[in-house]
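An overview of the molecular structure
Residues per chain are reported as follows:
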Amino acid sequence: MNNRLFILSIILLLICSNCRQKNVNFGNGVSFTIENNIPYGEDSQQQMDIYLPENSNKEKDIFIIIHGGGWRAGSKSELTAFTHKLMEKFPRNIFVNADYRLASTTNFALPGQTDDIRTITKYFDQTLSFKPRYILLGNSAGANISMLYAYQFNRDNQVKAVINIVGPADLNDPGFKNYNDYSFLEKHMIDPAIVPQNRSLMDFGSPARWVNKAAPPTLSFYGIYDDIVPLSQMKTLDSVLERNNVYHESYEFNGNHVNWINEPNSDFLIQKIYMFLKNTDQKKTL
């Protein structure tokens, strides 16, 4: 009898666990349905968590969250809690927290990782009843990938904005060359076959080199004490965005490369994201 009760309790626990995975409720009428580990490609790494607002029938912009990890590590699970905080602030948006194909000594980061973002956007273009616009938000390597996609592939004005959190914008920056995995990037970040003869590999992987007047609005956050992606990256990106008359904002926070996700920095970032997107919407209607 005790064994049966034990087995029944385990079954009930699993059922409750699955229930928790299907819905997240923030109170005040804000809730999302959750679809975890949805495949968007044939590779096992091409999976995403989708969060759909339950109490909004309007057309919605989609946040695509791209994790960091040096292009060859990391997981979407690292940004789950931060995604939930964003969902509370933006209760009417769809959220996607995505994994992507990681780089290795036998697998280049590019073009695979920007292709993965494109595949995600195609997934929603084909499954939703309206054509959404995308807000790309990434940290570190994920921010680099997000900016590269936003500046190179913003066809039909699909990318509404890009949120760059401690992202390498210029891979040739002498300060960034101190990154302890820089030699890996030189050899394994970019497939040489996709790089034009008039560009170097590191130029090709630098978002700042791709900015033009059609680039989407960009919001950047950099840590004052970041010893991986220095503040010089923010100045370089701001300069090229300014030169091309692209609406942008940039902020420094009191921390290092990973402290952005901790309070009070994360609350500061989310509030700035909220105001930035509000300003972006206002500028669009002018």
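The next subject is the sheet that holds strand E6 (residues 134-139). With respect to topology, nine strands assemble into an open sheet ordered E1-E2-E3-E5-E4-E6-E7-E8-E9, the strand pairing being mixed. The two strands at the open ends of the sheet, each matched to only one other strand, are strand E1 (23-27) and strand E9 (248-253). Averaged over all pairs of adjacent strands, the angle between strand axes in this sheet comes to 15°, irrespective of strand direction. Relative to strand E5 (residues 94-98), strand E3 (residues 47-53) is paired through four bridges, and the arrangement is antiparallel. Paired with Asp 49 across the bridge in E5 is Asn 97. Most of the contacts of helix H2 (residues 80-89) go to E5, to which it runs at about 170°, and overall it touches E1, strand E2 (30-39), E3, strand E4 (62-66), E5 and E6. Its contacts with the sheet put helix H7 (residues 232-243) on strand E7 (159-165), strand E8 (218-223) and E9, and the angle it makes with E9 is roughly 170°.

Below, the discussion takes up the pattern of salt bridges. The final tally for this structure, using the stated rule, is eleven salt bridges. Among the ionic pairs, Arg 72 bridges to Asp 181, the shortest N-O distance being 2.8 Å. Of this pair, Arg 72 sits in the loop between E4 and H2 while Asp 181 sits in the loop between E7 and helix H5 (182-188); the two residues are 109 residues apart in sequence, bridging distant segments of the chain. Asp 181 gets classed as buried once you look at its relative accessible area, which sits at 16%. One salt bridge in this structure joins Lys 85 and Glu 263, with 3.4 Å as the shortest N-O distance. With Lys 85 in helix H2 and Glu 263 in the loop between E9 and helix H8 (265-285), this residue pair connects regions lying 178 residues apart in the sequence. Residue classification places Lys 85 among the partly exposed positions, given a relative accessible area of 23%. Beyond isolated ion pairs, a larger network of salt bridges with shared partners links Asp 61, Lys 160 and Asp 281.

The subject of this paragraph is the confidence of the model for the protein. Across the protein, the average pLDDT comes to 91, with 91% of residues at 70 or higher. In this model, residues 1-20 is a region of pLDDT below 50 whose contacts with residues beyond four sequence positions or in other chains number one contact.

Here we take up helix H3 (residues 112-127). Since there are 3.6 residues in each turn of an α-helix, residues three or four apart along the chain are aligned in direction. The end-to-end C-alpha separation of H3 is 22 Å, in line with the 22 Å expected for 16 residues at 1.5 Å each. Tucked inside the fold, the buried residues of H3 contact E3, E4, E5, E6 and helix H4 (141-152).

The next thing to look at is the environment of Val 258. In this fold, Val 258 is placed in the loop between E9 and H8. Along the primary structure Val 258 and Asn 37 are separated by 221 residues, whereas in three dimensions their C-alpha atoms are 25 Å apart.

A word on the pairing of E8. Counting buried positions over the six residues of E8 gives six, a clear majority of the element. Where burial is concerned, the two faces of E8 agree: the one with Thr 218, Ser 220 and Tyr 222 and the one with Leu 219, Phe 221 and Gly 223 are both buried. As judged from the four bridges shared by E7 and E8, these two strands associate in the parallel manner. Residue pairing across strands places Asn 164 opposite Ser 220, the latter belonging to E8. The handedness of the E8 to E9 crossover, carried by H7, is right-handed.

Here is what the cut-offs are and how they apply
- Residues numbered from 1 in each chain as written.
- Predicted model: local features only at pLDDT ≥ 70, side-chain atom pairs only at ≥ 80, totals over all residues.
- Heavy atoms only, no water.
- Pairing = 2+ DSSP bridges.
- Helix = DSSP H or I, 4+ residues; strand = E, 2+ residues; numbered from the N terminus.
- Axes fitted to C-alpha atoms, helices over the stretch in contact; angles between N-to-C directions.
- Contact = heavy atoms within 4.5 Å.
- Salt bridge = Lys/Arg side-chain N within 4 Å of Asp/Glu carboxyl O.
- Buried < 20%, exposed > 50% of the residue type's maximum accessible area, 1.4 Å probe, protein only.
- pLDDT = per-residue confidence, 0-100.
- Expected span 1.5 Å × (residues − 1).
- Right-handed = clockwise from strand over helix to strand, strands pointing away.

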